[in-house]
Amino acid sequence: MSYEIVGITVLWTFLFGYLIVASVDFGAGFFSYYSVLTGHENKVHNIIQRYLSPVWEVTNVFLIFFVVGLVGFFPDSAYFYGTALLVPGSLATVLLALRGAYYAYNTYGSSKENNKAYMAVYGATGLLIPAALSTVLAISEGGIIQEQDGKVILHWSSFFSNPYTWSVIILALVSVLYISAMFLAFYAGKAGDKDAFEVLRGYALLWSGPTILACLFAFFQINRQNPEHFRNMLNIPWMFIASLICFLLAVYFIWKKKYLGWSFILVILQFGFAWFGYGRSHLPYILYKQVSIYESFTNETMAVALITAFVAGLVVLIPSLVLIMRLFLFDAKYVRGESPKKG
């Protein structure tokens, strides 16, 4: 396997990790605020806070690794995406800062009363951040960024009038809510909180339909935006069929209120098959037809150093997340709202 393939695979894996972890985080923020509006705050707020408290500070590690690695492995990507993503990237950064401020206020503030204005900002960022970040996928299909007279230009009119752009944004929004609701329903079930489970199970079932419809909409919009990529996707149909099967089984289990842990594992597999199928069919381009993994790759010495560092990062990061889950998220006492075990 070439260094180029290893490099992009490692980066894509980090981004997938961020997709799952951040989706639960962002969706939880929205549901936390939504529960206030619907009067379900007493039922679901505590479950959501017990999940967020130990993990909010590590969520963006995956994204940082990906951004640093993308520039390191493929320097040309910084040239093309750097200018084009200045606006959505800056917006996402500001929103992440606002979200971090809420976390700090809620976790370490002297007052534990939830201000509705803060909650509204918190809930809004849970939707606006994935919407801003998802624009990268829309841009990557080509036709929006052009290089003229040595300058990179993003055609905003083409960007906003493109149905594929909106299909990706819609898919990002509904996927965040679906992934989060499925995890939180499982988490509430594990906590034995029946009231919270019923509410969150309803959210999961509610957003399952829009999620699969948004997937189909985005899938066929790729054919209009980038027929070559669409044909490549059709060459590996088993990955997308497997994704659909995992979706159906996950929804069935949550509907029947059984195998909740397997239900969320199936959600991860559902998006895993679709994510890596999309990424595989997108190769060799990072940006159609301007940035190729083979033509814009860094030198061999840098590649070996980066691959070693990123694999080491995974070796450290994954056990750390497992440790957090064992000590906090899935500790028998903590999950019921009691103090986590010590020692």
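Scroll up to find the structure.
Residues numbered from 1 in each chain as written. Predicted model: local features only at pLDDT ≥ 70, side-chain atom pairs only at ≥ 80, totals over all residues. Heavy atoms only, no water.

**Here we look at the overall build of the chain**
For step 1, the next point in the chain: Looking only at helices and strands, the chain features 13 helices and four strands.
For step 2, the next point in the chain: The buried share among the 343 residues of the chain stands at 49%.
For step 3, the next point in the chain: A sequence separation of at least 24 residues applies to 78% of the contacts in the chain between residues at least 6 apart.
For step 4, the next point in the chain: Counting every atom, the chain has about 16,200 Å² of accessible surface; 67% of that belongs to carbon and sulfur. (Helix = DSSP H or I, 4+ residues; strand = E, 2+ residues; numbered from the N terminus. Buried < 20%, exposed > 50% of the residue type's maximum accessible area, 1.4 Å probe, protein only. Contact = heavy atoms within 4.5 Å. Areas by Shrake-Rupley, 256 points an atom, 1.4 Å probe, with all protein chains shown as cover.)

**Structural notes on the packing of aromatic side chains**
For step 1, the next point in the chain: The full count for this structure, using the stated rule, is 33 aromatic pairs.
For step 2, the next point in the chain: Measuring from centroid to centroid gives 4.8 Å for Phe-31 and Tyr-203, while their planes differ by 10°, and the two rings are stacked. Of the two residues, Phe-31 is situated in helix α1 (residues 3-38) and Tyr-203 in helix α9 (residues 194-225); the sequence distance between them amounts to 172 residues. Each member of the pair, Phe-31 together with Tyr-203, is buried.
For step 3, the next point in the chain: What links up through ring pairs into an aromatic cluster is the set Phe-14, Phe-65, Phe-73, Phe-74, Phe-297 and Phe-310.
For step 4, the next point in the chain: Between Lys-256 and the ring centre of Trp-255, over which it is positioned, the NZ or CZ distance is 4.8 Å. (Phe/Tyr/Trp six-rings, centres within 6.5 Å; stacked < 30°, edge-to-face > 60°. Lys NZ or Arg CZ within 6 Å of the ring centre and 35° of its normal.)

**A few points about the packing of helix α8 (residues 163-191) against helix α12 (residues 260-282)**
For step 1, the next point in the chain: α12 packs onto α8 with a crossing angle of 155° between their chain directions and a minimal axis gap of 8 Å. Comparing the axis directions of α8 and α12 gives the class roughly antiparallel. By crossing handedness, the relation of α8 to α12 is classed as left-handed. Every residue of α12 that contacts α8 at Tyr-164, Ser-175, Tyr-178, Ile-179, Met-182, Phe-183, Ala-185, Phe-186 and Gly-189 is listed here: Leu-260, Gly-261, Ser-263, Phe-264, Val-267, Gln-270, Phe-271 and Tyr-278.
For step 2, the next point in the chain: Of the residues belonging to the contact of α8 with α12, the class tally is 12 nonpolar, five polar and no charged. (Axes fitted to C-alpha atoms, helices over the stretch in contact; angles between N-to-C directions. Parallel < 35°, antiparallel > 145°, perpendicular 65-115°, else oblique. Left-handed = near helix turned anticlockwise from the far one by under 90°. Nonpolar A, V, L, I, M, F, W, Y, C, P; charged D, E, K, R; others polar.)

**Topic: the side chain of Thr-135**
For step 1, the next point in the chain: Note on placement: Thr-135 falls in helix α6 (residues 116-140).
For step 2, the next point in the chain: Among all residues touching Thr-135, those that are not within four sequence positions of it are Leu-85, Pro-88, Phe-159 and Ile-169.

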